[in-house]
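Reading the structure
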Amino acid sequence: MEDNENGKEKKTRKSPECCGYPISIFFIVVNEFCERFSYYGMRAVLVLYFRYFLRWDDDLATTIYHTFVALCYLTPIMGAVIADSWLGKFKTIVSLSVVYCIGQVVMAVSSIHDITDTDRDGTPDNLTLHIALSMVGLLLIALGTGGIKPCVAAFGGDQFEDHQEKQRSTFFSIFYLSINAGSLLSTLITPILRSQECGIHTKQQCYPLAFGVPAALMLVALVVFIVGKGMYVMDTPKGNVLLQVMKCIGFAIKNRFRKRGKQYPKREHWMDWAEDKYDKLLIAQVKMVLKVLFLYIPLPMFWALFDQQGSRWTLQATTMNGNFGAFNIEPDQMQIVNPILIIIMVPIMDNLVYPLIKKCHVNFTPLRRITVGMLLAALAFVAAALLQIQIDKTLPKFPSSSQSQVKFLNLESTNLSVSVAGQQPFDVPAFEASGEYLTIEDGNFTVSVEGGNPVIASFPKGARQTVLFDASGLLETIEDLTKKPEQGVNDIKFVNGFRLPINISTKSQILGFIAPLKVSNNTSVRQGKTDFIIENAVGKCTYTMQLGFGSSYTILIPSNFRFDTNFCENIKTTENIVPNTVHMAWQVIQYFLMTCGEVVFSVTGLDFSYAQAPSNMKSVLQAGWLLTVAVGNIIVLIVAEAGTLQDQWAEYVLFSSLLVAVSIVFAIMAYFYTYIDPTEIEAQFIEHEPEDKEKKDIEMTKRDLVSSEIKQTKI
């Protein structure tokens, strides 16, 4: 419905109000909170799901993660076109929310390991099915979350009358708060849900619950939004200005190449070639938009670094110590630092930092703020690189593909001497291991115990092993880990030197019976206090260990082992891999720098874009801004796939260096940018519009007369 006099679109109904605010905005705010909880909750555990459930390596997990994020920021253009040109905002939100819900449910189903775990060992037997379901789910989620992104906030703004500017401003503040609240809570809760153990036949990390709760929240978001239908103000689709801008640009380019002859007068700007079809006001507005979009060209590099908080930084946290005393932090929970700092830093920057800079008579223009934000993000990656160097120093030196590593575990009650070809003989204490691993370049070498007959031992290259032995010689070889235990868990195995079968269990796991001189399977145990219950026909006792993050132990039950009613005596523990020693709190430094950069960059960028955009093309620049996020994530996946850097710290330095270089380019571009007042420019064109229209009508009349005379001459 259009008003012919003023060309404005009328609202279909007026929303009922409470305290001066439309009641309908309550449903919109609750919808946004639940949707953001759903999205950020799912995204928080996504890279770990790729890494540890689908068994992808770090690079592939990072690549697919950023491909998904890029899609989420490409699809808003599609959602805006559908809403403005076809379905309207309400129907677009409802339709794509249904797609969103289906995608979340598919993701939850894809993470149920029991679906294909036919041998009931806790590992899916058909990963192809799980991968296919995951990709379908993520595609649907990207279509849903991206499609509704440009519609929900605009739909909320539609609920207000023209005279309710103050209420509308308050609504957008509450709306932004609901986004951060949803992000904050979901980033805290879903990693906790993931860390639980669930399953029908075997207990594993509970990804179905971590994905299922966000799916349920998205369903709640959809239901709440539909319930408010009777109260919404709904505008009819009026045509998408983005399509109009693209058509105008396309016509200008086509017309420019069509009229390349000298008989055509030169134009001041290449967009002026669109004057044959489009009015000067629209062309002037497009020029203003293109001027800002040109400044957007370097901006994707910032997002390339920013969005690695959910991928590379989360993977970095898996190699760190998350014990904060009263509680433990999961690696994917560290992302919560960002929304917490945003809530703190936004008012500090607005009410303290910016006014202080202004009092110092420093002209801190929006474009200068954006430059500073990019440099802060680069500095955050320098901090990440320095932290990674410290982490790398604590990691064990595992064997290369051409080496073997071995240590010896003495099962006798006396010290024994071991001789290895090419090495000095060494003593191994009773019931203990030989200390550090020996690195062997040749997989075959001779070993003798207590000067006995040498035995040729063969060890596969690239392997780490522990050799059990006693006075009679070598008994058995144990395979040890050649990398840090995943997700910060601890790897435990028991050796039974007691000469009688022993049953070992914990509160949640059963390791089973271990025959004499045999070894249990490797068992993953989480950080904290763990009680191992050891029993057989002779007795029963409890062996307690206080475990850190990412360690590996071989526990020997020796021949002099004794049962006690309270605890087990004489048990010996060998540390194969030391626990993570670099504390996760050190990541707060890089998160702080990145969040400061985000506040200065993102908030300022949105404000700058809004202020420099024509009145009817703010959505076009919003789409352009979201596009920079998508391109930034594409940059990450290109580097992750094409990069040949072996060290993670070097990749961090590479990204930081690229952003510094881009910041310099942007600073030069910003130096030559002239700030404008779009309202003033539009007013000038509107004032001269009748004269321009009259001139155009005269020109058209002249052309028609000339055309008529030519036809008559031919006749």
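Being a predicted model, the structure only gives us computed values, none of them experimental.

A few words now on the sheet that holds strand 19 (residues 552-557). Here four strands make up an open sheet; going across it, the order is 16-13-19-20 and the pairing mixed. Strands at the two margins of the open sheet, each flanked by one partner only, are strand 16 (523-525) and strand 20 (572-577). Strand-to-strand twist in this sheet, taken as the mean axis angle between neighbours without regard to direction, amounts to 30°. By the bridge criterion, five bridges tie strand 19 to strand 20 in an arrangement that is antiparallel. Following the sheet pairing, Thr554 is matched in strand 20 by Thr574.

Attention shifts here to the pattern of salt bridges. Summed over the entire model, instances satisfying the criterion amount to 14 salt bridges. Residue Asp307 pairs with Arg43 through a salt bridge whose shortest N-O separation is 3.7 Å. Separated by 264 residues along the polypeptide, Asp307 in the loop between helix 10 (300-306) and helix 11 (312-317) and Arg43 in helix 1 (residues 24-44) bring together distant segments of the chain. Neither residue differs from the other here; Asp307 and Arg43 are each classed as buried.

Bringing empty space enclosed by the protein into the picture now. Rolling a probe over the atoms, with the probe sized like a water molecule, indicates the empty space that remains. One pass over the full model with this rule turns up one cavity of 30 Å³ or more. In this structure, the largest cavity encloses a volume near 30 Å³. What lines the largest cavity is Leu295, Tyr296, Leu299, Leu367, Ile370, Gly605, Phe608, Ser609, Trp625 and Phe666. When residues of the lining of the largest cavity are traced back to their parent elements, those giving at least two are helix 9 (280-296), helix 13 (366-394) and helix 14 (587-612). Among the elements that take part in the lining of the largest cavity, helix 14 stands out by supplying three residues, more than any other. Tallied by class, residues from the lining of the largest cavity come to eight nonpolar, two polar and no charged.

Here we come to the sheet that holds strand 17 (residues 528-535). Strand order in this open sheet of four strands is 15-14-17-18, and the pairing throughout is antiparallel. This sheet does not close on itself; its edge strands, each paired only once, are strand 15 (510-514) and strand 18 (540-547). Going across the sheet, the axis of each strand differs from the next one's by a mean of 20°, ignoring polarity. The sheet contact formed by strand 14 (residues 502-505) and strand 17 spans three bridges and is antiparallel. What sits directly across from Ile504, in strand 17, is Ile534.

Reading guide: rules and limits
- Residues numbered from 1 in each chain as written.
- Predicted model: local features only at pLDDT ≥ 70, side-chain atom pairs only at ≥ 80, totals over all residues.
- Heavy atoms only, no water.
- Pairing = 2+ DSSP bridges.
- Helix = DSSP H or I, 4+ residues; strand = E, 2+ residues; numbered from the N terminus.
- Axes fitted to C-alpha atoms, helices over the stretch in contact; angles between N-to-C directions.
- Salt bridge = Lys/Arg side-chain N within 4 Å of Asp/Glu carboxyl O.
- Buried < 20%, exposed > 50% of the residue type's maximum accessible area, 1.4 Å probe, protein only.
- 1 Å grid on protein atoms, 1.4 Å probe; cavity = no way out; pocket = protein on both sides within 12 Å on 5 of 7 lines; lining within 4 Å.
- Points joined across faces, edges and corners; volume = space filled by probe spheres on them.
- Nonpolar A, V, L, I, M, F, W, Y, C, P; charged D, E, K, R; others polar.

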